[in-house]
Amino acid sequence: MAQMETALADAMSTIEGAVGVALVDYTSGMALATLGDNQALDLNIAAAGNTDVVRAKMRTMEMLELQGSIEDMLITLTAQYHIIRPVTGKNGGGLFLYLVLDRKRANLALARHRLARLEADLEV
(Lines give C-alpha, C1' and ligand atoms only; values in the text may rest on other atoms or scores of the structure.)
Protein backbone atom coordinates (compact mmCIF):
# COMPACT_ATOMS: atom_id res chain seq x y z
CA MET A 1 0.00 0.00 0.00
CA ALA A 2 2.88 2.39 0.76
CA GLN A 3 4.19 2.19 -2.81
CA MET A 4 0.72 3.05 -4.18
CA GLU A 5 0.43 6.03 -1.86
CA THR A 6 3.92 7.21 -2.82
CA ALA A 7 3.04 6.94 -6.50
CA LEU A 8 -0.14 8.97 -6.01
CA ALA A 9 1.77 11.58 -3.99
CA ASP A 10 4.30 11.80 -6.85
CA ALA A 11 1.48 12.38 -9.32
CA MET A 12 0.00 15.17 -7.21
CA SER A 13 3.36 16.88 -6.69
CA THR A 14 4.88 16.49 -10.17
CA ILE A 15 1.89 16.87 -12.50
CA GLU A 16 0.98 20.53 -12.88
CA GLY A 17 -2.73 21.15 -12.38
CA ALA A 18 -3.45 17.81 -10.68
CA VAL A 19 -6.67 18.00 -8.66
CA GLY A 20 -6.89 14.35 -7.69
CA VAL A 21 -5.59 10.89 -8.50
CA ALA A 22 -6.79 7.39 -7.70
CA LEU A 23 -5.82 3.78 -8.22
CA VAL A 24 -9.01 1.88 -9.01
CA ASP A 25 -10.01 -1.77 -9.29
CA TYR A 26 -12.39 -1.88 -12.26
CA THR A 27 -13.72 -5.33 -11.41
CA SER A 28 -15.25 -3.98 -8.19
CA GLY A 29 -15.33 -0.23 -8.87
CA MET A 30 -13.50 0.45 -5.61
CA ALA A 31 -10.69 2.95 -5.25
CA LEU A 32 -7.70 1.23 -3.64
CA ALA A 33 -6.00 4.55 -2.93
CA THR A 34 -6.92 8.20 -3.53
CA LEU A 35 -5.25 11.54 -3.05
CA GLY A 36 -6.49 15.00 -3.82
CA ASP A 37 -8.93 17.78 -3.11
CA ASN A 38 -12.14 16.10 -1.96
CA GLN A 39 -13.86 19.50 -1.93
CA ALA A 40 -13.43 19.71 -5.70
CA LEU A 41 -14.27 16.08 -6.47
CA ASP A 42 -15.30 12.94 -4.58
CA LEU A 43 -12.70 10.53 -5.95
CA ASN A 44 -14.51 7.45 -4.64
CA ILE A 45 -17.67 8.30 -6.59
CA ALA A 46 -15.59 9.25 -9.64
CA ALA A 47 -13.71 5.93 -9.41
CA ALA A 48 -16.93 3.93 -9.35
CA GLY A 49 -18.42 5.88 -12.24
CA ASN A 50 -15.33 5.64 -14.41
CA THR A 51 -15.23 1.90 -13.84
CA ASP A 52 -18.30 1.74 -16.09
CA VAL A 53 -16.41 3.71 -18.77
CA VAL A 54 -13.49 1.27 -18.70
CA ARG A 55 -15.74 -1.78 -18.75
CA ALA A 56 -17.79 -0.39 -21.66
CA LYS A 57 -14.71 0.33 -23.75
CA MET A 58 -13.24 -3.11 -23.07
CA ARG A 59 -16.55 -4.78 -24.05
CA THR A 60 -16.71 -2.70 -27.23
CA MET A 61 -13.14 -3.63 -28.17
CA GLU A 62 -13.96 -7.28 -27.58
CA MET A 63 -17.15 -7.12 -29.71
CA LEU A 64 -15.24 -5.41 -32.52
CA GLU A 65 -12.40 -7.92 -32.11
CA LEU A 66 -9.91 -5.06 -31.91
CA GLN A 67 -6.33 -6.06 -31.21
CA GLY A 68 -4.10 -4.23 -28.77
CA SER A 69 -4.91 -2.61 -25.49
CA ILE A 70 -6.08 0.72 -24.16
CA GLU A 71 -3.19 3.11 -23.58
CA ASP A 72 -5.31 5.80 -21.96
CA MET A 73 -8.70 7.49 -22.23
CA LEU A 74 -9.26 11.22 -22.09
CA ILE A 75 -12.48 12.90 -21.03
CA THR A 76 -12.46 16.63 -21.67
CA LEU A 77 -14.78 18.77 -19.57
CA THR A 78 -15.19 22.53 -19.63
CA ALA A 79 -12.91 23.06 -16.64
CA GLN A 80 -11.12 19.71 -16.25
CA TYR A 81 -9.35 16.87 -18.01
CA HIS A 82 -9.94 13.33 -16.74
CA ILE A 83 -7.37 10.72 -17.77
CA ILE A 84 -7.95 6.99 -17.29
CA ARG A 85 -4.89 4.77 -17.75
CA PRO A 86 -5.13 0.98 -17.29
CA VAL A 87 -2.26 -0.52 -15.31
CA THR A 88 -0.43 -3.02 -17.51
CA GLY A 89 2.47 -4.03 -15.26
CA LYS A 90 2.87 -7.20 -13.27
CA ASN A 91 -0.14 -7.73 -10.96
CA GLY A 92 -1.82 -4.67 -12.46
CA GLY A 93 -4.58 -6.51 -14.31
CA GLY A 94 -7.98 -5.10 -13.45
CA LEU A 95 -6.62 -1.77 -12.21
CA PHE A 96 -6.51 1.72 -13.66
CA LEU A 97 -5.06 5.07 -12.69
CA TYR A 98 -7.48 7.97 -12.74
CA LEU A 99 -6.11 11.51 -12.88
CA VAL A 100 -8.14 14.74 -12.72
CA LEU A 101 -6.53 17.95 -13.96
CA ASP A 102 -7.50 21.59 -13.76
CA ARG A 103 -7.71 22.49 -17.43
CA LYS A 104 -6.43 26.06 -16.96
CA ARG A 105 -3.25 24.95 -15.17
CA ALA A 106 -2.46 21.61 -16.79
CA ASN A 107 -0.20 20.71 -19.68
CA LEU A 108 -2.11 17.73 -21.08
CA ALA A 109 0.78 16.22 -23.07
CA LEU A 110 3.16 16.42 -20.12
CA ALA A 111 0.52 15.04 -17.74
CA ARG A 112 -0.08 12.03 -20.01
CA HIS A 113 3.67 11.43 -20.26
CA ARG A 114 4.17 11.60 -16.48
CA LEU A 115 1.15 9.39 -15.81
CA ALA A 116 2.53 6.79 -18.24
CA ARG A 117 5.87 6.84 -16.42
CA LEU A 118 4.14 6.53 -13.06
CA GLU A 119 2.10 3.57 -14.36
CA ALA A 120 5.24 1.85 -15.67
CA ASP A 121 6.98 2.22 -12.29
CA LEU A 122 3.96 1.25 -10.19
CA GLU A 123 4.25 -1.94 -8.14
CA VAL A 124 0.97 -3.33 -6.92
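Residues numbered from 1 in each chain as written. Predicted model: local features only at pLDDT ≥ 70, side-chain atom pairs only at ≥ 80, totals over all residues. Heavy atoms only, no water.

Q: Break down the nonpolar core for me, with residues and values.
A: Residues I15, L23, L97, L99 and L101 are the most contacted members of the largest nonpolar core, which totals 21 residues. Once you skip the residues sitting within four places of it in the chain, L23 turns out to touch M4, L8, M30, A31, L32, A33, V87, L95, F96, L97 and L122. Membership of the second largest hydrophobic core comes to 17 residues, among which are V19, L41, M73 and I84. (Core = buried A, V, L, I, M, F, W, Y, C linked by side-chain atoms within 4.5 Å. Buried < 20%, exposed > 50% of the residue type's maximum accessible area, 1.4 Å probe, protein only. Contact = heavy atoms within 4.5 Å.)

Q: How would you explain the pairing of strand 5 (residues 95–102) if you had to name every residue and give the values?
A: Burial of strand 5 is extensive: seven of the eight residues sit out of reach of the surface. Both strand 1 (residues 18–25) and strand 5 contribute to a ladder of seven bridges, which runs antiparallel. Counterpart to V24 in the pairing with strand 5 is F96. Pairing of strand 4 (residues 80–86) with strand 5 involves seven bridges; the strand directions are antiparallel. Residue H82 lies in a different strand from strand 5, and its bridge partner there is V100. (Helix = DSSP H or I, 4+ residues; strand = E, 2+ residues; numbered from the N terminus. Pairing = 2+ DSSP bridges.)

Q: Report on the pattern of salt bridges, specifying residues and quantitative values.
A: Across all of its chains, the model carries five salt bridges by this definition. Residue D72 is joined to R85 by a salt bridge in which the shortest nitrogen-to-oxygen separation is 4.0 Å. Taken as a pair, D72 in the loop between helix 2 (43–63) and strand 3 (73–76) and R85 in strand 4 lie far apart in primary sequence, 13 residues in all. In this pair, the class of D72 matches that of R85, namely buried. A salt bridge links D102 to R105; the shortest N-O distance between them is 3.6 Å. Residue classification places D102 among the partly exposed residues on the basis of a relative accessible area of 23%. Look at R105 and you get partly exposed, because its relative accessible area is 43%. Shared partners join several salt bridges into a network, and the residues in it are D72, R85, R112 and E119. (Salt bridge = Lys/Arg side-chain N within 4 Å of Asp/Glu carboxyl O.)

Q: How would you sum up the environment of T51? Please name residues and give values.
A: Looking at the secondary structure, you find T51 in helix 2. Considering only alpha carbons, one finds T51 and S13, 38 residues apart in sequence, at a separation of 25 Å. The contacts of T51, once residues within four sequence positions are left out, are V24, D25, Y26, G29 and F96.

Q: An account of the pairing of strand 3 is needed here, citing residue identities and associated values.
A: Relative to strand 4, strand 3 is paired through four bridges, and the arrangement is antiparallel. If you follow I75 over to strand 4, its bridge partner there is H82. In this structure, the hairpin formed by strand 3 and strand 4 is closed by a connection of three residues.

Q: I'd like to hear about the side chain of Q80, residue by residue, with values.
A: With respect to the element layout, Q80 can be found in strand 4. Here Q80 falls in the buried class, since its relative accessible area comes to 18%. Within the structure, the side chain of Q80 is placed 2.9 Å from the side chain of H82, a separation counted as a polar contact. Look past the residues within four positions of Q80 in its chain and what remains in contact with it is I75, V100, L101 and R103. (Polar contact = N/O pair within 3.5 Å; in protein donor to acceptor, adjacent residues only side chain to side chain.)

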